[in-house]
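Listed here are the chains, written in short residue letters.
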Amino acid sequence: MTTFDLPATPLRVAAAQTRSVPGEVEANAAAAARTLRAAGACGARVVVFPEKFLSGYEPELIRADPERCAVRPGDPRLAPVIEACRAGGVTAVVGAAVRDGGELYVSALVLDATGYAGRYDKQTLFQQERTLYRPGTAGATLQVGDWRLGLGVCYDSGFPEHARAAALDGCHAYVVGALFGEGNGHHESRIWFPARAFDNTVYAVLANHVGVTGGRRACGASAVWGPDGRLVAEGGPTDEELVLADLLPERLRAAREAEPMLRDLRPLAARAGTVLGAAPTG
């Protein structure tokens, strides 16, 4: 039996439901800074932005001019975001196309009062992304106080193993910036996120775009689900807004006592060589 430590105090998070200016990193960084100041004024300590927010989703713009449309390590255009983190005492998880070592990645940048704190690169690329980006090779856990937050980007959340790896690393929440579109994207998000939360008894946080980016109309509906899989807070379908939620240690404890799947997890038996069914006749 495995035991997992729980945080002692609540953590207020904000899912920043926003729209990007296509390919304009400076304009989007300025918008992120304004959002961070507003979230900090509301008491948020962590603010999550949508997938590739700093670039816009915009694969063709990024392919044509990665120097302008993608962010690079140490990029001075991140300065307004870092200053807003410092002023508000918040940590930002900001989506961006990142150019590093001649390769492009779909990343979640972690920025705080100290500056650039690291990044997570999307591990499960979606369809046409595979022709432009390299997949990430490792997960990432963000520590904020005594809370551990597992990072994901959009399509990662469709794979139960991704959130489970975060939970097994001791994470208390699964935090994802995404682009989910109207129609099937909205349907997927409403299945995947409650399932990731419930199966792992963690909070699940989704920050989604609104408006059109990369030729796709986003469905909004950024949200937070509790560790019992129930909805805690949700945004509307079309407007820019902050979706705020308090992550509560007592709710984590209650969920893990009621649903002990994570505690009782055992390695699955090897399947090779096991065949079930009646022997053939004749």
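Quick look at the structure, then. (Residues numbered from 1 in each chain as written. Predicted model: local features only at pLDDT ≥ 70, side-chain atom pairs only at ≥ 80, totals over all residues. Heavy atoms only, no water.)

1. Some thoughts on unusual backbone geometry
- Its identity is not glycine, yet Cys154 carries a phi of approximately 40 degrees, on the positive side.
- Along the chain, Cys154 falls in the loop between β7 (147–153) and α5 (160–168).
- Accessibility expressed as a relative area gives 9% for Cys154, which makes it buried.
- Of note in this structure, Thr201 is not a glycine but carries a positive phi near 45 degrees.
- Residue placement: Thr201 occurs in the loop between α6 (184–200) and β9 (203–208). (Helix = DSSP H or I, 4+ residues; strand = E, 2+ residues; numbered from the N terminus. Buried < 20%, exposed > 50% of the residue type's maximum accessible area, 1.4 Å probe, protein only.)

2. Regarding the sheet that holds strand β2 (residues 46–48)
- Spatial strand order, β5-β4-β3-β2-β1-β14: six strands in an open sheet with mixed pairing. Of all the strands in the sheet, just β5 (115–121) and β14 (241–247) have a single pairing partner and so form its edges. Adjacent strand axes in the sheet meet at a mean angle of 30 degrees when their direction is disregarded.
- Of the strand pairs in this sheet, strand β4 (residues 103–112) and β5 are connected by six bridges, and their pairing is antiparallel. Counterpart to Leu109 in the pairing with β5 is Arg119.
- Along the sheet face, helix α1 (residues 25–41) touches β1 (11–17), β2, β3 (91–100) and β14 and points at about 40 degrees away from the line of β14.
- Along the sheet face, helix α4 (residues 79–88) touches β3, β4 and β5 and points at about 25 degrees away from the line of β4. (Pairing = 2+ DSSP bridges. Axes fitted to C-alpha atoms, helices over the stretch in contact; angles between N-to-C directions. Contact = heavy atoms within 4.5 Å.)

3. Quick word on α1
- Compared with an ideal rise of 1.5 Å per residue, which puts 17 residues at 24 Å, α1 spans 24 Å between its outermost C-alpha atoms and is within 8% of the ideal.
- Among the residues making up α1, those that are buried are Val25, Asn28, Ala29, Ala31, Ala32, Ala33, Thr35, Leu36 and Ala39.
- Buried-residue contacts for α1 involve β1, β2, α3 (66–69), α4, β3 and β14. (Expected span 1.5 Å × (residues − 1).)

4. Comments concerning the environment of Gly236
- Relative to the helices and strands, Gly236 resides in the loop between β13 (231–234) and β14.
- Along the sequence, Gly236 and Gly214 sit 22 residues apart, while their C-alpha atoms lie 21 Å from each other.
- Residues within four places of Gly236 in sequence aside, it is in contact with Gln17, Cys219, Gly220, Ala221 and Glu241.

5. Describing the side chain of Lys52
- Relative to the elements of secondary structure, Lys52 occurs in the loop between β2 and α2 (59–64).
- Here Lys52 sits buried without a salt bridge, and the closest side chain of opposite charge, Glu129, lies 4.8 Å off (N-O distance).
- The residues touching Lys52, leaving out its near neighbours within four places in the chain, are Ser20, Tyr57, Ile62, Gly95, Ala96, Ala97, Val106 and Tyr133. (Lys, Arg positive; Asp, Glu negative; His and termini not counted. Salt bridge = Lys/Arg side-chain N within 4 Å of Asp/Glu carboxyl O.)

6. Structural notes on α5
- All of the buried residues in α5 are His162, Ala163, Ala166 and Ala167. Along the long axis of α5, the arc covered by the buried residues comes to 135 degrees, so they all point the same way.
- Contacts from the buried residues of α5 go to β5, β7, β8 (173–178), α6 and α8 (261–264).
- Gly170 sits one or two residues past α5 and shows a positive phi near 90 degrees. (Arc of directions from axis to C-beta.)

7. A look at the state of the cysteines
- Going through the model one piece at a time under the given rule, you end up with zero disulfides.
- Not part of a disulfide, Cys171 finds its nearest cysteine sulfur in Cys154, a span of 19 Å.
- Given a relative accessible area of 1%, Cys171 falls into the buried group. (Disulfide = S-S within 2.5 Å.)

8. A few points about the pattern of salt bridges
- Scanning the entire structure with this criterion turns up 18 salt bridges.
- Across the pair Arg77 and Asp75 runs a salt bridge, and its minimum N-O distance is 2.7 Å. No difference in accessibility class separates Arg77 from Asp75, as the two residues are buried.
- Overlapping salt bridges, with partners in common, bring together Glu67, Arg72, Asp75, Arg77 and Arg99 in one network.

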